[in-house]
Amino acid sequence: MPCLPERLSGVPRCFPERLSGVPHCFPERLSGVPQCFRSLSALSALILLSIAVVGAERLTDIPNPRTRDGTWVTDTPGILRADTIASLNATLGEFERTNGAEMAVVVIRSLDGLSIEEAAVKLFELWKIGKKSKDNGLLLLWSTGDRRVRVEVGYGLEGVLNDGKVGAILDTYVMPKFKSGQFDEGVLAGVDALLRVAREEPVELSSARSESYEPRSGGVIAAVLGLLAAIPIGVGSLFGLRKWRRVRRRRCPACQTWMTRLGESADDALLEEGQQAEERIGSVDYDVWKCGSCGHHFTLRYPKWVSSYEKCPQCQNRTKSSTEKVIAAATTISSGSALVIETCAFCTFRREHTRVLPRIQPSTSSSGGSSGGGSSSFGGGSSGGGGASRGY
């Protein structure tokens, strides 16, 4: 392939201003990006492309959790916590026993060159998730390297889990958590919402999207940034480029003269009280830009990538936190309970509720009566091709 040279010729040990041996798929100039970032981004992207074949996971090599140990979760990168996997296995096992439907949760590093939609359908059909006579299977597939999530739905569940509802579940319960780095919480919340809808229980779905100032880059820049996030050298470049995009000079939209980015103490006078509270607890950073000629100013919002705070339903600021205390631990013969206390660091919001902890019970691999299932111990179901995908 012309775009993948067999070796990187002419690359010295330091980072040069220009890289010889860069394939033609990367342009010589990335408009609007400083030269130092262009060089570092190009080199990082080349390194990633050269090792892509090694890091890719073939779908046939992904362990089927049912044939491996009779569970429901496969996490090849080891991203999820052990207690998260245990909770998922208990919840999905109970779902299969009480509703007769099956769901698999799969976390992989890469998609082996496929789109996430193609990979989900192929994996679904390979494992035959769901019961053969009902096609009532679900698959949540998350590719960490591609930063993509897909929920694939079997034919038998498309009536209650149509594409629009699956997308709304991802937007409401999964993507906000993923964007703030709360991956375990996002998977748990998404699976819980999907199962509740599958059981035809009411689920609150919000159409509101989280506010953020993240200018979208198209074409090659977006592709390079996506590649950079997967390797250590690229991570530094990504953070540096994000910092540069934040502090770069801006022109006033009213009079077109250069604006000034105010300091932390000066911008507080132009921030609302809720915004000041978000900055004080470290959940959001704000920048205020002001024009010295006409006085026009605007505020840019930068949510922290990793934060324990969520959006408060009362004041709408990212100032709500939650604590959980186990009241009764779950056992193999009974479910447990935990007291969840939600409070806001800005307004008077406070809410307490009890969360049911699923009963811990060993999963059995003998259910379903699959016929001709080969090596698969799922029930022999088929994908309906429906579902939804999201990136973060």
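Residues numbered from 1 in each chain as written. Predicted model: local features only at pLDDT ≥ 70, side-chain atom pairs only at ≥ 80, totals over all residues. Heavy atoms only, no water.

(A) Geometry of the overall build of the chain. Counting its secondary structure elements, the chain contains ten helices and eleven strands. Burial statistics for the chain: of 392 residues in total, 41% are counted as buried. Taking as baseline every contact in the chain between residues at least 6 positions apart, the subset at least 24 positions apart corresponds to 62%. Carbon and sulfur atoms make up 53% of the accessible area of the chain, which totals about 20,100 Å². (Helix = DSSP H or I, 4+ residues; strand = E, 2+ residues; numbered from the N terminus. Buried < 20%, exposed > 50% of the residue type's maximum accessible area, 1.4 Å probe, protein only. Contact = heavy atoms within 4.5 Å. Areas by Shrake-Rupley, 256 points an atom, 1.4 Å probe, with all protein chains shown as cover.)

(B) Broad picture of helix α4 (residues 116-127). An ideal rise of 1.5 Å per residue puts 16 Å on twelve residues; α4 measures up with 16 Å between its terminal C-alpha atoms. The elements touched by buried residues of α4 are α2 (65-69), β1 (73-75), β2 (102-108), β3 (137-143), β4 (148-154) and β11 (383-391). Positive backbone phi, at 60°, marks K128, one or two positions downstream of α4. (Expected span 1.5 Å × (residues − 1).)

(C) Looking closely at the packing of aromatic side chains. Following the criterion strictly, the structure yields seven aromatic pairs and no others. Centroid distance W127 to F378: 6.0 Å. Interplanar angle 5°. Geometry classified as stacked. Of this pair, W127 sits in helix α4 while F378 sits in the loop between β10 (350-357) and β11, placing them 251 residues apart in sequence. Its relative accessible area of 1% is what places F378 among the buried residues. The structure contains a cluster of three or more aromatic residues connected by ring pairs, namely W142, F178, F183 and Y392. (Phe/Tyr/Trp six-rings, centres within 6.5 Å; stacked < 30°, edge-to-face > 60°.)

(D) Spatial organisation of the sheet that holds strand β5 (residues 259-261). Here three strands make up an open sheet; going across it, the order is β5-β6-β7 and the pairing antiparallel. In this open sheet, the two strands that pair with only one neighbour each are β5 and β7 (297-303). In this sheet, adjacent strand axes meet at a mean angle of 25° when their direction is disregarded. Sheet analysis places β5 next to strand β6 (residues 284-291), joined by three bridges and oriented antiparallel. Across the sheet, R261 pairs through a bridge with W289, a residue of β6. Sitting on the sheet, helix α10 (residues 273-281) touches β6 and β7, and the angle it makes with β6 is about 125°. (Pairing = 2+ DSSP bridges. Axes fitted to C-alpha atoms, helices over the stretch in contact; angles between N-to-C directions.)

(E) Quick peek at α10. Inspection of α10 places G274, Q275, A277, E278 and E279 among the buried residues, and these make up the whole buried set. Next to the buried residues of α10 lie α9 (264-267), β6 and β7.

(F) How the structure looks around the packing of helix α3 (residues 82-99) against helix α6 (residues 183-198). Interhelical geometry of α3 versus α6 gives an angle of 5° and a closest axis separation of 11 Å. On the basis of their axis angle, the class for α3 and α6 is roughly parallel. In contact with T84, S87, L88, T91, L92 and F95 of α3, α6 contributes D184, V187, L188, V191, L195 and A198. Residues belonging to the contact of α3 with α6 are distributed by class as follows: eight nonpolar, three polar and one charged. (Parallel < 35°, antiparallel > 145°, perpendicular 65-115°, else oblique. Nonpolar A, V, L, I, M, F, W, Y, C, P; charged D, E, K, R; others polar.)

(G) Quick look at the pairing of β6. Counting buried residues in β6 gives seven out of eight residues, a clear majority hidden from the surface. The pairing of β6 with β7 spans seven bridges and is antiparallel. Paired with W289 across the strands is F298, a residue of β7. Between β6 and the antiparallel strand that follows it, β7, lie five residues; G295 among them carries a positive phi value of about 85°.

(H) Molecular detail of the confidence of the model for the chain. For the chain, the average pLDDT comes to 77, and 71% of its residues sit at 70 or higher. The secondary structure element of the chain with the lowest average pLDDT is helix α7 (residues 219-228), at 44, and the one with the highest is β2, at 97. With pLDDT under 50 throughout, residues 363-376 is counted as low confidence; its partners more than four residues away or in other chains account for 20 contacts. (pLDDT = per-residue confidence, 0-100.)

(I) Unusual backbone geometry, seen in detail. Although it is not a glycine, K128 sits at a positive phi angle of roughly 60°. Even without glycine at this site, D135 takes up a positive phi of about 50°. Mapped onto the fold, D135 is located in the loop between α4 and β3.

(J) The arrangement of the sheet that holds strand β9 (residues 336-344) in detail. Here three strands make up an open sheet; going across it, the order is β8-β9-β10 and the pairing antiparallel. The open sheet has two edge strands, β8 (320-328) and β10, and neither has a second partner. On average, adjacent strands in this sheet sit at an angle of 20° to one another, irrespective of strand direction. Pairing of β9 with β10, which is carried by eight bridges, proceeds in the antiparallel orientation. Counterpart to V340 in the pairing with β10 is H353.

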